[in-house]
Amino acid sequence: MSDQLVFTPLDEIEKIYNELKATFASGKSRPIPYRRYQLLQLAYMLKDNIKLFEDALEADLGRPQLEARMLDIDPSLVEIKSTLAGFEKWARQESAPFSINFSPMRPVIRKEPKGIVLIISPFNYPLFLTIPLMASAIAAGNAVVIKPTENTPATTALLANLAEQYLDTSLVRVIKGGVQETTKLLEYTWGHILYTGGGKVGKLIAAAGAKTLSPVSLELGGKSPVFVDSKCDLKTTAKRLLWGKAANAGQTCVAPDYVIVQRDFQEKFVEALQDVYREFYPYKASASGQMSRMVSPQAFTRVNNLLKNTKGTIVLGGDTDETTKYIGPTVVKDVKPEDCLMSEEIFGPILPIMPVSSIDEGLAYVNAHDHPLSVYVFSQDSAFKAKIFDNTQSGSALANETIIHPAAYGLPFGGVGPSGSGYHTGKYGFDMFTHLRSSLDAPGWLDMLLGFRYPPYTAAKIKAMGRLMNPSFPARPKGPPKAHVSRASWSKWFTFLLALALAGGLMKRQFLKM
Ligand code: NAD
């Protein structure tokens, strides 16, 4: 088995596409037992080869073993397991809700595979952003083409080799390649294209999908802001933020990108980060097995340049080594909106802190930019948390935690607007690759009720139609509702009324005792 990444010849791609198309048309991928078999093969492909995958991730990204397991391998296994547990139920056809007009026609939603689907994955989590998606596509009964990234050659070569050994190659194929191979793939019509990566390429993928009318989901990135309130659990905040930023050397789509704090709280927050840094790295962060490396020399240079050109003050880390593509966890304070660190998604282990005079100023900054993949808030004050959540838009919104939510059981994962479209993991991934095929079977006797539709059209038939189809509505509104009252205000009023009721009850009891 070769561990070199040899690209799939361009002229083989058409052959592979046609082969998969023919197998899909034969119906082989549809039976539930066959889907279950393929899912189990996928699970064992990973489970039998954990050590090989750990080594490949180390070769590609300098991944510490704990990060390889926690962020790529184990969550992929968990995802396959939950897909295995749920997919049979998700695949069952559903009856439409009762309606007097349509129920006699037995309307149902058939859950059908979309066909051959294309999954294009990025380098930063080359397993977690590929294998669970393969599981969703297989569980939904599709044929699948995977195009993993060329930027993690060891992991991609291993995945391609093992897929050939474990999976049915007439239904699942891995195309090894870069821009040329992906561009070739995009010439074909797909049941669905799922692309995970940066927004610039995302636009090319969406445009290519439009040309063949292939539906496209985009899982993109962006600058995920963090609001840190002075009323936070400072130690936990510093720990979770520094970990969320340093994990995989900051090459995480949902990494906390920058922090917004009240100006007078900045110093205390920086001290907490420095304390945690000493705890996390009693030796050096660059010590073997402690920190992932930048994926490529180009990625190193880009992030290193941001560090060299910032006008903020480095208060933590700042150590780099070009030969090993190492950038240490770094915190930069007093970063201004026009700083280079605020100009693009950092995708490296640098945490800029942007002090503001008021939280409204921070909110205005965030809302003047693209909707991020995540918004984070660290606070013990529910009104503060609600203010941030209610006044921003993002793929996800987390309080007092970072980066673990893509693996959270039962939650959809996806962006909004420029951070992406579509949702995956669990049932949401299954649904992405499933066509909801409306279906009904109308008995002849229904024409006793619906015969009015046939010509010749007459006044009596119009009347009969009105009786069946002209719905009534609640009374006409007297005007628009009162101005929006935020949830925070509601909870304040609720607490106030509850306190009033309790006080009233107490006074009544005192009065009766007298
Ligand atoms: P990458 O360079 O590995 O590219 C991603 C994929 O796109 C690869 O398979 C690559 O071969 C293909 N590709 C690259 N250029 C192409 C082109 N011109 N035409 C066709 N295909 C092309 O990864 P990346 O884009 O650097 O990934 C990092 C980005 O991905 C970050 O912005 C990150 O936030 C985002 N991301 C998003 C998610 C999410 O789930 N929303 C997850 C991980 C990463």
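Residues numbered from 1 in each chain as written. Predicted model: local features only at pLDDT ≥ 70, side-chain atom pairs only at ≥ 80, totals over all residues. Heavy atoms only, no water.

An unreviewed UniProt entry annotates the protein as Aldehyde dehydrogenase of Lentinula detonsa. UniProt annotates the protein under Sequence similarities (unreviewed entry) with the comment "Belongs to the aldehyde dehydrogenase family." (UniProt positions renumbered as here; feature names shortened; annotations may be inferred.)

Among the nonpolar cores identified, the biggest contains 137 residues, and Phe-227, Val-228 and Phe-269 are the most heavily contacted of them. No other element matches helix H4 (residues 65-90), which puts 8 residues into this core. The contacts of Phe-269, once residues within four sequence positions are left out, are Val-228, Leu-234, Thr-237, Leu-241, Val-259, Val-261 and Ile-353. (Core = buried A, V, L, I, M, F, W, Y, C linked by side-chain atoms within 4.5 Å. Buried < 20%, exposed > 50% of the residue type's maximum accessible area, 1.4 Å probe, protein only. Helix = DSSP H or I, 4+ residues; strand = E, 2+ residues; numbered from the N terminus. Contact = heavy atoms within 4.5 Å.)

Take the packing of helix H3 (residues 50-61) against helix H6 (residues 153-166) next. Taken N-terminus to C-terminus, the directions of H3 and H6 make an angle of 150°; their axes are 7 Å apart at the nearest point. Relative to H6, H3 is oriented roughly antiparallel. On the side of H3, the interface is formed by Leu-52, Phe-53, Ala-56, Leu-57, Ala-59 and Asp-60, while H6 contributes Pro-153, Ala-154, Thr-155, Leu-158, Leu-159 and Leu-162. Split into classes, the residues belonging to the contact of H3 with H6 amount to 10 nonpolar, 1 polar and 1 charged. (Axes fitted to C-alpha atoms, helices over the stretch in contact; angles between N-to-C directions. Parallel < 35°, antiparallel > 145°, perpendicular 65-115°, else oblique. Nonpolar A, V, L, I, M, F, W, Y, C, P; charged D, E, K, R; others polar.)

As annotated by UniProt and renumbered to match this structure, "domain: Aldehyde dehydrogenase" (unreviewed entry) occupies residues 12-437. Across residues 12-437 one finds 42% helix and 18% strand; the C-alpha atoms that close the span lie 33 Å apart.

Before going further, it helps to spend a moment on the pairing of strand S2 (residues 108-113). The pairing of strand S1 (residues 94-95) with S2 spans 2 bridges and is classified as antiparallel. Pairing of Ser-95 across the sheet is with Val-108, part of S2. Pairing geometry for S2 and strand S18 (residues 434-439), over 6 bridges, is antiparallel. Paired with Glu-112 across the bridge in S18 is His-435. (Pairing = 2+ DSSP bridges.)

This brings us to helix H1 (residues 10-25). Between its first and last C-alpha, H1 extends 24 Å over 16 residues, near the 22 Å set by a 1.5 Å rise per residue. Inspection of H1 places Ile-13, Ile-16, Tyr-17, Leu-20, Thr-23 and Phe-24 among the buried residues, and these make up the whole buried set. Down the axis of H1, the smallest arc covering the buried residues is 135°, so these residues share one side. Those residues of H1 that are exposed and angled more than 90 degrees off the buried face are Asp-11, Lys-15 and Ala-25. On the buried face of H1, the contacting elements are S2, strand S3 (116-120), strand S4 (143-147), strand S5 (172-174) and helix H7 (179-185). (Expected span 1.5 Å × (residues − 1). Arc of directions from axis to C-beta.)

So, about the sheet that holds strand S10 (residues 313-316). Read across the sheet, 7 strands follow the order S10-S13-S14-S9-S8-S15-S16 without closing on themselves; strand pairing throughout is mixed. Where the open sheet ends on each side, the last strands, each with one partner, are S10 and strand S16 (396-399). Strand after strand, the sheet turns through a mean of 25° between neighbouring axes, direction not considered. Packing against the sheet, helix H13 (residues 382-390) makes contact with strand S8 (224-228), strand S15 (374-378) and S16, and its axis sits at approximately 165° to S15.

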